[in-house]
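# Survey of secondary and tertiary structure
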Amino acid sequence: HKFFLPAVGAIPLLIVYYVDFGATHVLVPGFMQNWLQKTNIDLGLMYYAYMMSMTIFCPNSINILAGVNGLEVGQSIVLGILALINDSLYLTMGPPASWESHRFSAIIILPFLGVSAALWKWNRWPARVFVGDTYCYFAGMVFAVVGILGHFSKTMLLLFLPQILNFIYSCPQLFHIVPCPRHRLPKFNEKDGLLYPSTADLRETPAKSFFQPILKLLHFFRLIHLEYENDKMVSCTNMTLINLVLVWMGPMREDKLCNTILQLQFIIGILAIIARHTLGALLFGHDNLWSIV
């Protein structure tokens, strides 16, 4: 019910989009225009299905990448800052036609950042306030609303690349191809105060046979850590971005782990904005940001 709950909230949002804007076409990349003999394709109802999927994904993706003090609120603050950077680019260098949409985005994001910053003060390590699912759904829907009604939903999804990668990385466990414990949070070691990657037990419930070679391949590329007993897999690290950072960088304190993931989110977001306005121009022959330059 938590997965589909945002879809109910999306109904009035999509009605507002239909009345206010209603565009359901997407541009065709330049190298395909001669082949298709058109510059855009009208997706119709499929575009509304895409937007509803976005309202389901944004809240749940923040909720999945969670469990470390300050991470849910911290990643939302970083996403808000990245959205404001994108808005600022359009409001300073973009065409006048884009100003209203990005003013709307800034008007929503600024107070959201204010309340989130106050919450983060109490939620960061060592946390005295915990946010649970409520804040994750609130934050995710803020970004879905801004992306859809601000008419830059595809750019917004680019800012969610770490969340998208975390979801894809988690799929083998989410779909029970690999055993999925109820909680996949890192393990806390009381002796040194550090967090270590948590593991899934493969003894009683081994991974699906077709996926076991893939687990070995992931282990080879250091995307998971496998443990063996008598040449038999007995455990693997849980497939979340949080555990992956610990596999790559070793045990660390909770606040350092959170800050590392937030830095990764910010760097990927900046690169996504740059790619949006450079590769986009190469693919489509123009970019909205540079249309009046």
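## A short note on the packing of aromatic side chains
Taken as a whole and judged by the stated rule, the model has 14 aromatic pairs. Taken together, a centroid distance of 6.3 Å and an interplanar angle of 15° make the contact between Phe-112 and Tyr-135 stacked. You can see Phe-112 sitting in helix H5 (residues 99-123) and its partner Tyr-135 sitting in helix H6 (residues 132-149), a full 23 residues away along the chain. Ring pairing ties together the aromatic residues Phe-57, Phe-112, Tyr-135, Phe-138, Phe-143, Phe-160 and Phe-167, which thus form one cluster.

## A closer look at the pairing of strand S6 (residues 226-229)
Taken together, the four bridges between S6 and strand S7 (residues 232-237) define a ladder with antiparallel strand orientation. What sits directly across from Glu-227, in S7, is Ser-235. Linking S6 back to S7 in an antiparallel pair, the connection comprises two residues, with Asn-230 at a positive phi of about 55°.

## Considerations on the sheet that holds S7
Taken in spatial order, the three strands line up as S5-S7-S6 in an open sheet, and their pairing is antiparallel. Of all strands in the sheet, those with a lone pairing partner are strand S5 (199-201) and S6, marking the two edges. Going across the sheet, the axis of each strand differs from the next one's by a mean of 30°, ignoring polarity. Taken strand by strand, helix H9 (residues 212-220) contacts S6 and S7, and its axis lies near 115° from that of S6.

## Some details on unusual backbone geometry
Omega for the bond connecting Trp-125 with Pro-126 falls within 30 degrees of zero, at -10°, which places this linkage in the cis form. In this fold, Pro-126 is placed in the loop between H5 and H6. A positive phi is found at His-176, a non-glycine position, where the angle reads about 60°. Along the chain, His-176 turns up in the loop between helix H8 (161-174) and strand S3 (187-189). Judged by its relative accessible area of 53%, His-176 falls in the exposed class.

The rules behind the values
- Residues numbered from 1 in each chain as written.
- Predicted model: local features only at pLDDT ≥ 70, side-chain atom pairs only at ≥ 80, totals over all residues.
- Heavy atoms only, no water.
- Phe/Tyr/Trp six-rings, centres within 6.5 Å; stacked < 30°, edge-to-face > 60°.
- Helix = DSSP H or I, 4+ residues; strand = E, 2+ residues; numbered from the N terminus.
- Pairing = 2+ DSSP bridges.
- Axes fitted to C-alpha atoms, helices over the stretch in contact; angles between N-to-C directions.
- Contact = heavy atoms within 4.5 Å.
- Buried < 20%, exposed > 50% of the residue type's maximum accessible area, 1.4 Å probe, protein only.

No statement about biological role is implied by the geometric values presented.
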